[in-house]
Amino acid sequence: HEVVLLKFLIPIFFIVFSFGELLKIQLPQSVGFGLIDFFVLGIFLIWLFFIKKTKYSLFRPIAVFSFICILSLLLNFKNFETQQLGVASLYLIRFILYASLYFVFVDIGKKYESRVRKYIAISGLIIIAIGFLQYFLYPSLKNLFYLGWDEHMFRLFSSFLDPNFAGALLVLIFTYFFVFRENLFGNRKVISYGILVLTFIAIVLTYSRGALLMFGI
C-alpha cells in the first residue's frame, strides 16, 4: 500500500497541487471541488485502513481544533440555512483531510524522504514556470471579473489566480529550495542559485506586500 501511495497518489498529488485553481470545478452558488481533493481523500483512506500507526506528536492539537470546529457548527445550526451549513461542513471535512497528510508523512516520510523531497521540488518548479508564463501571456484576470475574481492587473498569480496566496506559497518554495539545495542539486550551485533567483523574482512580481513581508521575516 505504501507502493501505491508513492508510485501513484503522492506524485500525482503534488503535480495536481501545482495547477491550483485550474483543475477546480466551481458549483453554482456553492463550493468548488478540486481534482486534488479526490487524491487527498484517496491518500487519507489508504493511510487510515492500511498504514496508520499509533503515536503522533500533533494529533492532540489537530483533534482539539477539529472538535471545536464541529462543536461550533452544531451549536449554530439554527442560525444558518441548510445550504450554508452544508458548505461549512465541506470546508471542515476538507481541513481534516488535508491535516491528515501530516500523519501520512510522519509514517512514510523518513523511509522515503529523498523521493518525497523530489516530488515537492518538481511541484515548486511547475508553480514557478506557470507563474512566469501567466505573467507574460495572461497578465490580468479582468475578463474573469464577472465570476468574482479580482482583476490583479500585471501581477504574477500563477495557477492560483491570487497573487497574495501565490506569493506566500512562493516564499515557502524559496525557503524549501534554499534549505535543501545541497540535497536537491548537489554541487550544481549555478542551477540551485539560478532557481532561487527566479523564485525571488516571481515573489517580487506578485506585488504582494504580505508575501514580501513574509519573505523578509
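Residues numbered from 1 in each chain as written. Predicted model: local features only at pLDDT ≥ 70, side-chain atom pairs only at ≥ 80, totals over all residues. Heavy atoms only, no water.

## A word on unusual backbone geometry
For step 1, the next point in the chain: Even without a glycine there, the phi angle at Leu161 is positive, about 60°.
For step 2, the next point in the chain: Here Leu161 lies in the loop between α5 (113–137) and α6 (163–179).
For step 3, the next point in the chain: In this structure Leu161 comes out as buried when scored by relative accessible area, which is 10%.
For step 4, the next point in the chain: Despite not being glycine, Tyr207 shows a phi value in the positive range, around 55°.
For step 5, the next point in the chain: Topologically, Tyr207 is positioned in the loop between α8 (189–205) and α9 (209–216). (Helix = DSSP H or I, 4+ residues; strand = E, 2+ residues; numbered from the N terminus. Buried < 20%, exposed > 50% of the residue type's maximum accessible area, 1.4 Å probe, protein only.)

## A short note on α6
For step 1, the next point in the chain: Compared with the 24 Å implied by 1.5 Å per residue over 17 residues, the 24 Å span of α6 between its first and last C-alpha is a close match.
For step 2, the next point in the chain: Taken together, the buried positions of α6 are occupied by Pro163, Ala166, Gly167, Leu169, Leu170, Val171, Ile173, Phe174, Tyr176 and Phe177.
For step 3, the next point in the chain: Among the structural elements, α1 (2–18), α5, α7 (181–185), α8 and α9 are those in contact with the buried residues of α6.
For step 4, the next point in the chain: Where α6 begins, the capping side chain belongs to Asp162, and its oxygen is found 2.9 Å from the backbone nitrogen of Asn164. (Expected span 1.5 Å × (residues − 1). Contact = heavy atoms within 4.5 Å. Polar contact = N/O pair within 3.5 Å; in protein donor to acceptor, adjacent residues only side chain to side chain.)

## Section: a nonpolar patch on the surface
For step 1, the next point in the chain: On the surface, Leu22, Leu23, Phe33, Leu35, Phe38, Leu90 and Ile93 cluster together to form a nonpolar patch covering roughly 600 Å² of accessible area.
For step 2, the next point in the chain: Sorting the residues of the nonpolar patch by element identifies α2 (35–51) and α4 (82–108) as the ones contributing at least two each.
For step 3, the next point in the chain: The residue Leu23 is located in the loop between α1 and β1 (24–26) in this model.
For step 4, the next point in the chain: A residue is classified by how much of its surface remains accessible, and Leu23, at 33% relative accessible area, is partly exposed. (Patch = residues over 30% accessible without salt bridge, like charges linked within 9 Å, V, L, I, M, F, W, Y side chains within 5 Å. Areas by Shrake-Rupley, 256 points an atom, 1.4 Å probe, with all protein chains shown as cover. Salt bridge = Lys/Arg side-chain N within 4 Å of Asp/Glu carboxyl O.)

## Concerning the pattern of salt bridges
For step 1, the next point in the chain: A complete count under the given rule lists three salt bridges for this structure.
For step 2, the next point in the chain: Its salt-bridge partner being Lys24, residue Glu21 comes within 3.6 Å of it at the nearest N-O pair.
For step 3, the next point in the chain: Its relative accessible area of 31% is what places Lys24 among the partly exposed residues.

## Here's the deal with the side chain of Arg117
For step 1, the next point in the chain: Positionally, Arg117 belongs in helix α5.
For step 2, the next point in the chain: A residue is classified by how much of its surface remains accessible, and Arg117, at 16% relative accessible area, is buried.
For step 3, the next point in the chain: Apart from the residues lying within four places of it in its own chain, the contact partners of Arg117 are Tyr176, Phe180, Asn183 and Leu184.

## Notes on the packing of aromatic side chains
For step 1, the next point in the chain: Applying the stated criterion across every chain yields a total of 19 aromatic pairs.
For step 2, the next point in the chain: Judged by centre distance (6.2 Å) and plane angle (65°), the ring pair of Trp47 and Tyr56 falls under edge-to-face.
For step 3, the next point in the chain: You can call Trp47 buried: its relative accessible area is 6%.
For step 4, the next point in the chain: Centroid distance Phe160 to Phe165: 5.2 Å. Interplanar angle 55°. Geometry classified as tilted.
For step 5, the next point in the chain: A relative accessible area of 46% places Phe165 in the partly exposed class. (Phe/Tyr/Trp six-rings, centres within 6.5 Å; stacked < 30°, edge-to-face > 60°.)

## Quick word on the nonpolar core
For step 1, the next point in the chain: Among the nonpolar cores identified, the biggest contains 26 residues, and Leu5, Ile10, Phe13, Ile43, Trp47 and Ile108 are the most heavily contacted of them.
For step 2, the next point in the chain: Put simply, the parts of the chain that give this core at least two residues each are α1, α2, α4 and α5.
For step 3, the next point in the chain: Top element by residues in this core is α2. It accounts for eight residues.
For step 4, the next point in the chain: Those residues in contact with Trp47 that lie beyond four places of it in its chain are Lys52, Tyr56, Phe103, Val104 and Asp107. (Core = buried A, V, L, I, M, F, W, Y, C linked by side-chain atoms within 4.5 Å.)

## Details of the environment of Gln134
For step 1, the next point in the chain: Looking at where Gln134 falls in the secondary structure, it is placed in helix α5.
For step 2, the next point in the chain: Judged by relative accessible area, which is 7%, Gln134 ranks as buried.
For step 3, the next point in the chain: In this structure the C-alpha to C-alpha distance between Gln134 and Leu161, which are 27 residues apart in sequence, comes to 9.7 Å.
For step 4, the next point in the chain: Aside from chain neighbours lying at most four places away, what touches Gln134 is Pro139, Arg155, Leu156, Phe157 and Ser158.
For step 5, the next point in the chain: Here the side chain of Gln134 touches Ser158 through a polar contact of 2.9 Å, landing on its backbone nitrogen.

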